[in-house]
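Here's the letter readout for the chains.
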Amino acid sequence: MQKTILIIGGTGTIGKPVAEKLKEAGFSIRVFARNKNKANRILGNEYQIVEGDVTDTRTLESALEGCYGVHISLSGENEQTGVENIVKIAKKKRVERITYISGTSVAKEYIWFPQTKRKFFAEKAIKESGVAYTIFCPTWFMESLPRFIKGNKAFAFGKQPNPYHFLAADDFAEMVVKSYTTDKTNNKRLTIHGPEAILFHDALRQFCSVFHPGIKKITTLPYWLAGIIAAIKGSKQMKTANEFMEYFEKVGELGEPTEANNIFGPPKTTLSEWLKLKKSEKT
């Protein structure tokens, strides 16, 4: 009988590749989504979709019934509450494995930043659950780069002097799959870095050269100006991105990926290879 894994956040940019890779590996995949019709449009009809919300324990109870594992790919204001609900019900339903996406900079000294605080206490709930877990702490995903293109312009916030080891979502998804087939990742918190360190502006330029060759310049907005523009436009997305990049400029990319690389093998997809792959998928 196939082991069933519930994917929470399985329609997202990072969650979808995890669902696909786990399915390819022979697991039965159940996806928990707020909108069943939207999830079907994104994923197709090959997945069991359970509609619900992580703040609604009733729908979580149903979704976690009979599951071997649960993979959590969440963000936003309900992340901590959602993870705490998931963990509580997972233990009740005798789920054997939990995997969760946290971040490289999640640590007690940085919980002054709201998103870090939510992830820090979400990690705490998982660690205290008594269920075997693997907490993945990745750096920036390559898939985040398109978010900084608006129309015929590319935007970045702040100077971003720190290099980041950009990671491909497919490489990350393969690690998640391996974590469900080995005991080596049990109760581990693993930092995940991509194969090369790149400055954010350089990564965005490379992305533009392939997908938006007409964009020759990256518009860099000071944080204070970006904050004003976000407020005037009422753009929560811009406000969040601005605050997130200011945080990363202060904190940088943290963690040591050696243990994860020893278990999984280091990620191999470089940014240039990822760009070629994504371009070929569109042609």
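For the structure itself, consult the block above.
Residues numbered from 1 in each chain as written. Predicted model: local features only at pLDDT ≥ 70, side-chain atom pairs only at ≥ 80, totals over all residues. Heavy atoms only, no water.

Novice: Even after reading the chapter, I still don't get the sheet that holds strand 3 (residues 48–51), so can you show me in this structure?
Specialist: Sheets are built from strands paired through backbone hydrogen bonds, the pairs being either parallel or antiparallel. The strand order across the open sheet built from 7 strands is 3-2-1-4-5-6-10, with neighbouring strands paired in parallel fashion. In the strand order of this sheet, the two ends are held by strand 3 and strand 10 (188–192), each with one partner. Averaged over all pairs of adjacent strands, the angle between strand axes in this sheet comes to 20 degrees, irrespective of strand direction. Of the strand pairs in this sheet, strand 1 (residues 4–8) and strand 2 (residues 28–33) are connected by 5 bridges, and their pairing is parallel. Among the inter-strand pairings, L6 is bridged to a residue of strand 2, identified as R30. (Pairing = 2+ DSSP bridges. Helix = DSSP H or I, 4+ residues; strand = E, 2+ residues; numbered from the N terminus. Axes fitted to C-alpha atoms, helices over the stretch in contact; angles between N-to-C directions.)

Novice: Whenever I open this one, the environment of R34 confuses me. Can you help?
Specialist: Mapped onto the elements, R34 comes out in the loop between strand 2 and helix 2 (36–43). Classification of R34 as exposed rests on a relative accessible area of 70%. Measuring from C-alpha to C-alpha, the distance between R34 and L74 comes to 12 Å, with 40 residues separating the pair along the chain. The contact partners of R34, leaving out residues within four places of it in the chain, are E51, G52 and D53. (Buried < 20%, exposed > 50% of the residue type's maximum accessible area, 1.4 Å probe, protein only. Contact = heavy atoms within 4.5 Å.)

Novice: When you look at helix 4 (residues 79–92) in this model, what are you seeing that I'm missing?
Specialist: In an α-helix, one full turn covers 3.6 residues, which means residues spaced three or four apart are oriented alike. When the terminal C-alpha atoms of helix 4 are compared, their 20 Å separation across 14 residues agrees well with the 20 Å that a helix rising 1.5 Å per residue should span. Within helix 4, the full set of buried residues consists of E79, G82, V83, N85, I86, V87, I89 and A90. Buried residues along helix 4 sit in contact with strand 1, helix 3 (57–64), strand 4 (69–72), strand 5 (97–101) and helix 5 (114–127). Positioned one or two residues after helix 4, R94 has a phi angle of 60 degrees, which is positive. (Expected span 1.5 Å × (residues − 1).)

Novice: What should I look at first to understand the sheet that holds strand 8 (residues 153–157) in this one?
Specialist: If you walk across this open sheet you meet the 3 strands as 7-8-12, and the pairing is mixed. Because the sheet does not close on itself, it has two edges, and the strands there are strand 7 (149–150) and strand 12 (218–221). Here strand 8 runs beside strand 12; their pairing, made up of 4 bridges, is parallel. By the bridge assignment, A156 is partnered in strand 12 with T220.

Novice: What exactly am I supposed to notice about the pattern of salt bridges here?
Specialist: Any two side chains of opposite charge can pair, on the condition that their charged atoms come close. For the structure on display, the rule yields 16 salt bridges. Here K23 makes a salt bridge to E46, at a shortest N to O gap of 3.7 Å. With K23 in helix 1 (residues 15–24) and E46 in the loop between helix 2 and strand 3, this residue pair connects regions lying 23 residues apart in the sequence. Close ionic contact of K188 with E259 constitutes a salt bridge, the shortest N to O distance being 2.7 Å. With K188 in strand 10 and E259 in helix 10 (residues 258–264), the pair connects residues that are 71 residues apart, well separated along the chain. (Salt bridge = Lys/Arg side-chain N within 4 Å of Asp/Glu carboxyl O.)

Novice: I would appreciate a short explanation of helix 8 (residues 223–233) in the present structure.
Specialist: Within the sequence span of helix 8, burial applies to Y223, A226 and A230. On an axial view of helix 8, the arc spanned by its buried residues comes to 60 degrees, and they lie on one face. Exposed and facing more than 90 degrees away from the buried side of helix 8 are W224, A231 and I232. Structurally, helix 8 contributes buried residues whose contacts are with strand 8, strand 12 and helix 9 (236–251). Remark: G234 follows helix 8 within two positions and exhibits a positive phi of approximately 65 degrees. (Arc of directions from axis to C-beta.)

Novice: Which parts of the structure should I look at to understand the packing of aromatic side chains?
Specialist: Note on aromatic pairs: each is described by the distance of the centres and the angle between the planes. Going through the model one piece at a time under the given rule, you end up with 24 aromatic pairs. Taking 5.6 Å as the distance between ring centres and 90 degrees as the angle between the ring planes, the aromatic pair formed by Y247 and F248 counts as edge-to-face. Pair check on accessibility: Y247 and F248 agree, each one buried. Feature note: the residues W112, F113, W140, F148, F157, Y164, F166, F200, F244, Y247 and F248 constitute an aromatic cluster, connected by ring pairs. Above the face of the Y68 ring, K3 is positioned so that its terminal group lies 4.2 Å from the ring centre. A cation sits over an aromatic face here: K23 above Y47, 5.9 Å from the ring centre. (Phe/Tyr/Trp six-rings, centres within 6.5 Å; stacked < 30°, edge-to-face > 60°. Lys NZ or Arg CZ within 6 Å of the ring centre and 35° of its normal.)

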